[in-house]
Amino acid sequence: SRDATSAMLERIEQDNVRFLRLQFTDLLGMPKNVAIPIKQAEKALTGGIGFDGSSIEGFVRIEESDMILKPDLSTYTLLPWQPEDYAEARFICDVYKASGRPFEGDPRYVLRRAMEDAAKDGFVFNTGPELEFFLFKMIDGRPTTRFQDVGGYFDLAPTDLAEDVRREIILALTEMGFEIEASHHEVAESQHEIDFKYSDALHTADNVITFKFAAKTIALMRGLHASFMAKPIHGICGSGMHTNCSLAKDGVNAFFDPDAPIQISETCLHFIGGLLKHARAITRLANPTINSYKRLVPGYEAPCYVSWSASNRSALVRVPAPRGNSTRVEFRSPDPTCNPYLAFAAMLAAGMDGVRNKIEPPNGVDKNIYQMTSAERGYAGIDTLPCDLYEAHQALLADDLICEALGPHVLEALTSVTNAEWDAYRTAVHPWELDRYLATY
Ligand code: ADP
Ligand code: MG
Ligand code: MG
Ligand code: MG
Ligand code: MG
């Protein structure tokens with residue numbers, strides 16, 4: 001509305017903002033932005049700002065490259081690492097075509113559409129991700145996989161650079177409006193986790209992008225590299241982005257049922273049923289890099305089988321103990337390389353399929369699945385997650401419901417990205433092969 005726009009313009013002036021960054025996300029989940037001087041603010045907030053979409057990964061063909069960015073006013077925030085007398089602010093934007101229609105290749109639009117679909121049944125999808133990452137040393141301006149610290153899970157280490165950097169990341173995020181719930185050192189050396197409060201999936205996806213961007217920026221200012229790569233080092237834990245999910249109806253958590261056996265509702269069970277049914281296709285979105293699949297292996301608390309459990313951390317879907325408003329299912333496969341908009345859209349579409357079609361999940365598995373034989377798993381009907389990106393993409397193409405949730409534009413772009421990436425990987429000669437074969441043959 002006009003009022004909201006002029007209130008925002010006033011705020012921008014009060015904050016002494018010199019530059020506005022209009023931010024959006026490409027198909028690979030990379031944040032992009034167009035910086036505009038403050039003189040353009042009014043134009044940006046009223047009509048949007050045009051840009052050429054043809055150079056953005058997975059965006060458009062040349063002939064339809066004129067795009068418009070329209071700022072979402074609710075996403076305004078100052079960038080806290082900028083000096084006060086040179087303030088910069090950013091908006092996350094929705095992408096429109098020159099015709100004025102939403103652009104089908106905008107990941108934020110894909111998630112918006114999935115949210116609107118769930119809203120037809122009165123549901124709001126809430127997500128709370130747990131982002132893990134490494135802080136690595138930079139040497140000669142290049143990231144390495146050298147550790148900055150040698151702490152372990154929940155260690156109270158003597159103050160070191162990594163601890164300082166984690167604290168500074170938390171401070172910056174707090175200034176940007178995040179409600180930080182917890183942060184701790186993770187299992188691996190130099191690995192950290194920072195948890196922020198859940199919200200509706202659209203704002204959470206925005207937050208994931210902001211989180212990674214802020215963490216990288218702050219780390220770099222201290223000479224470290226914050227890496228969200230899924231499995232940077234063989235033989236130790238990779239980094240996950242467990243995603244806690246729930247549906248709310250009329251502001252009430254629809255997964256909680258005090259009278260049910262383990263106090264989770266039919267809606268929750270069916271949501272789990274949908275997640276499991278479509279788990280293999282969702283993997284393509286939740287684990288989008290070649291490297292993602294090196295994390296999804298036995299032995300590191302990352303899932304590799306399609307199962308759920310009320311307690312067991314080897315399952316793909318876990319139901320954490322809290323109930324009431326905190327009743328949720330934890331989807332444990334995603335890693336922080338995912339495009340959160342697409343991953344959440346796929347998870348929601350799958351869950352809603354479960355809810356609408358009353359898909360009963362198989363029995364929960366409370367045993368450690370890694371210790372079951374493949375015959376035992378077969379008997380229990382436990383499927384495996386895709387082993388690599390190629391298999392995951394085939395699983396996606398075979399799943400009409402998830403394909404439809406993404407739409408043909410996104411699907412086509414993802415297919416060409418996958419083919420190119422897979423060919424490059426498949427034809428490369430890796431150090432492992434030389435170690436294995438060079439001397440022998
Ligand atoms: P874990 O026990 O797996 O380490 P954490 O405590 O690290 O879990 O993270 C829990 C996450 O779940 C937080 O981001 C929190 O905000 C989120 N969460 C809590 N309640 C809900 C809910 N009802 N729906 C979605 N997410 C929720
Ligand atoms: Mg956690
Ligand atoms: Mg925790
Ligand atoms: Mg963790
Ligand atoms: Mg977790």
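**A look at the coordination of the magnesium ion (ligand 4)**
Here's step 1: For the magnesium ion (ligand 4), the full set of protein donor atoms is Glu 132 (OE), Glu 186 (OE) and Glu 193 (OE), at a range of 2.0 to 2.2 Å.
Here's step 2: The sequence motif formed by the donor residues of the magnesium ion (ligand 4) is E-x53-E-x6-E.
Here's step 3: For the pair the magnesium ion (ligand 4) and the magnesium ion (ligand 2), the metal-to-metal distance amounts to 4.0 Å, and Glu 193 bridges them. In this structure, Glu 186 and Glu 193 share a single accessibility class: buried.

**Things to note about the packing of helix α7 (residues 279-286) against helix α10 (residues 389-397)**
Here's step 1: One can describe the packing of α7 onto α10 by two numbers: an axis separation of 7 Å at closest approach and a directional angle of 125 degrees. With respect to α10, the axis of α7 lies oblique. In terms of crossing hand, the pair formed by α7 and α10 is left-handed. Residues Arg 280, Ala 281, Thr 283, Arg 284 and Leu 285 of α7 form the contact with α10, whose participating residues are Leu 389, Glu 391, Ala 392, His 393, Ala 395 and Leu 396.
Here's step 2: In the contact of α7 with α10, the residues fall into six nonpolar, two polar and three charged.

**What about the site of ligand 1?**
Here's step 1: Close contacts around ligand 1 come from 18 residues, with Glu 181, Asp 195, Phe 196, Ser 246 and Glu 330 the closest.
Here's step 2: The side chain of Glu 181 places a nitrogen or oxygen atom 2.9 Å from an oxygen atom of ligand 1.
Here's step 3: With respect to ligand 1, the backbone of Phe 196 contributes an N or O atom lying 2.9 Å from an oxygen atom.
Here's step 4: In the complex, 84% of the free accessible area of ligand 1, which totals 590 Å², lies under the protein chains.
Here's step 5: If you map ligand 1 onto the pockets, it falls in the largest pocket.
Here's step 6: Within the residue set of the shell around ligand 1, elements represented by two or more residues are β7 (123-139), β10 (191-196) and β13 (241-249).
Here's step 7: Class assignment for the residues of the shell around ligand 1 results in two nonpolar, eight polar and eight charged.

**Digging into the confidence of the model for the chain**
Here's step 1: When the pLDDT values of the chain are averaged, the result is 92; 96% of them are 70 or greater.
Here's step 2: Taken over the whole predicted complex, pTM reads 0.95, whereas the ipTM for its chain interfaces reads 0.97.

**A short note on the pattern of salt bridges**
Here's step 1: Evaluated as defined, the whole model comprises 19 salt bridges.
Here's step 2: Linking Asp 94 and Arg 112 is a salt bridge whose minimum nitrogen-to-oxygen distance equals 2.9 Å. Taken together, the residues span a long stretch of sequence, with Asp 94 in strand β6 (residues 87-97) and Arg 112 in helix α3 (residues 107-119) at a distance of 18 residues.
Here's step 3: For the salt bridge of Asp 423 with Arg 426, the shortest nitrogen-to-oxygen distance reads 3.0 Å. Of the two residues, Asp 423 and Arg 426 are both situated in helix α12 (residues 408-427); the distance of three residues between them amounts to about one turn of the helix.
Here's step 4: Assessed through its relative accessible area of 37%, Asp 423 is described here as partly exposed.
Here's step 5: Its relative accessible area of 52% is what places Arg 426 among the exposed residues.
Here's step 6: Connected through salt bridges with shared partners, the residues Asp 72, Asp 94, Arg 108, Arg 112 and Asp 206 form a single ionic network.

**Focus: the coordination of the magnesium ion (ligand 5)**
Here's step 1: The magnesium ion (ligand 5) binds to the protein through Glu 130 (OE), Glu 130 (OE), His 242 (ND1) and Glu 330 (OE), with metal-donor distances spanning 2.0 to 2.4 Å.
Here's step 2: When the donors of the magnesium ion (ligand 5) are listed by position in the chain, the intervening gaps give E-x111-H-x87-E.
Here's step 3: If you look at the magnesium ion (ligand 5) and the magnesium ion (ligand 2), they sit 3.9 Å from each other and are both ligated by Glu 130. Taken as a pair, Glu 130 in strand β7 and His 242 in strand β13 lie far apart in primary sequence, 112 residues in all. Both residues of the pair, Glu 130 and His 242, belong to the buried class.

**Digging into empty space enclosed by the protein**
Here's step 1: Taken as a whole and assessed by the stated rule, the structure comprises two cavities of 30 Å³ or more.
Here's step 2: Looking at the largest cavity, its volume works out to about 50 Å³.
Here's step 3: Surrounding the largest cavity, Arg 21, Gln 23, Pro 31, Lys 32, Asn 33, Leu 79, Arg 90 and Phe 213 form its lining.
Here's step 4: Breaking the lining of the largest cavity down by element, the ones donating at least two residues are β1 (17-25) and β2 (31-37).
Here's step 5: Here the element with the most residues in the lining of the largest cavity is β2; it accounts for three residues.
Here's step 6: Residues that form the lining of the largest cavity fall into these classes: three nonpolar, two polar and three charged.
Here's step 7: In terms of lining, the second largest cavity is formed by Val 306, Ser 307, Trp 308, Pro 362, Asn 363, Val 365, Ala 380, Gly 381 and Ile 382.
Here's step 8: Looking at side-chain class alone, the lining of the second largest cavity contains six nonpolar, three polar and no charged residues.

**With respect to helix α4 (residues 161-175)**
Here's step 1: Along its 15 residues, α4 runs 21 Å from first to last C-alpha, staying within 8% of the 21 Å computed at 1.5 Å per residue.
Here's step 2: By the burial criterion, the buried members of α4 are Ala 162, Glu 163, Val 165, Arg 166, Ile 169, Ile 170, Ala 172 and Leu 173.
Here's step 3: Check the buried side of α4 and you find it contacts β7, β9 (180-185), β10, α5 (201-221) and β12 (224-227).
Here's step 4: Looking one or two places after α4, you find Gly 177, whose phi comes out positive at around 95 degrees.

Calculation rules
- Residues numbered from 1 in each chain as written.
- Chains lettered and ligands numbered in written order.
- Predicted model: local features only at pLDDT ≥ 70, side-chain atom pairs only at ≥ 80, totals over all residues.
- Heavy atoms only, no water.
- Donors = N, O, S within 2.8 Å, 3.2 Å for Na, K, Ca; no water.
- Buried < 20%, exposed > 50% of the residue type's maximum accessible area, 1.4 Å probe, protein only.
- Axes fitted to C-alpha atoms, helices over the stretch in contact; angles between N-to-C directions.
- Helix = DSSP H or I, 4+ residues; strand = E, 2+ residues; numbered from the N terminus.
- Parallel < 35°, antiparallel > 145°, perpendicular 65-115°, else oblique.
- Left-handed = near helix turned anticlockwise from the far one by under 90°.
- Contact = heavy atoms within 4.5 Å.
- Nonpolar A, V, L, I, M, F, W, Y, C, P; charged D, E, K, R; others polar.
- Near = heavy atom within 4 Å.
- Polar contact = N/O pair within 3.5 Å; in protein donor to acceptor, adjacent residues only side chain to side chain.
- Areas by Shrake-Rupley, 256 points an atom, 1.4 Å probe, with all protein chains shown as cover.
- 1 Å grid on protein atoms, 1.4 Å probe; cavity = no way out; pocket = protein on both sides within 12 Å on 5 of 7 lines; lining within 4 Å.
- Sits in = over half its atoms within 2 Å of the grid points.
- pLDDT = per-residue confidence, 0-100.
- Salt bridge = Lys/Arg side-chain N within 4 Å of Asp/Glu carboxyl O.
- Points joined across faces, edges and corners; volume = space filled by probe spheres on them.
- Expected span 1.5 Å × (residues − 1).

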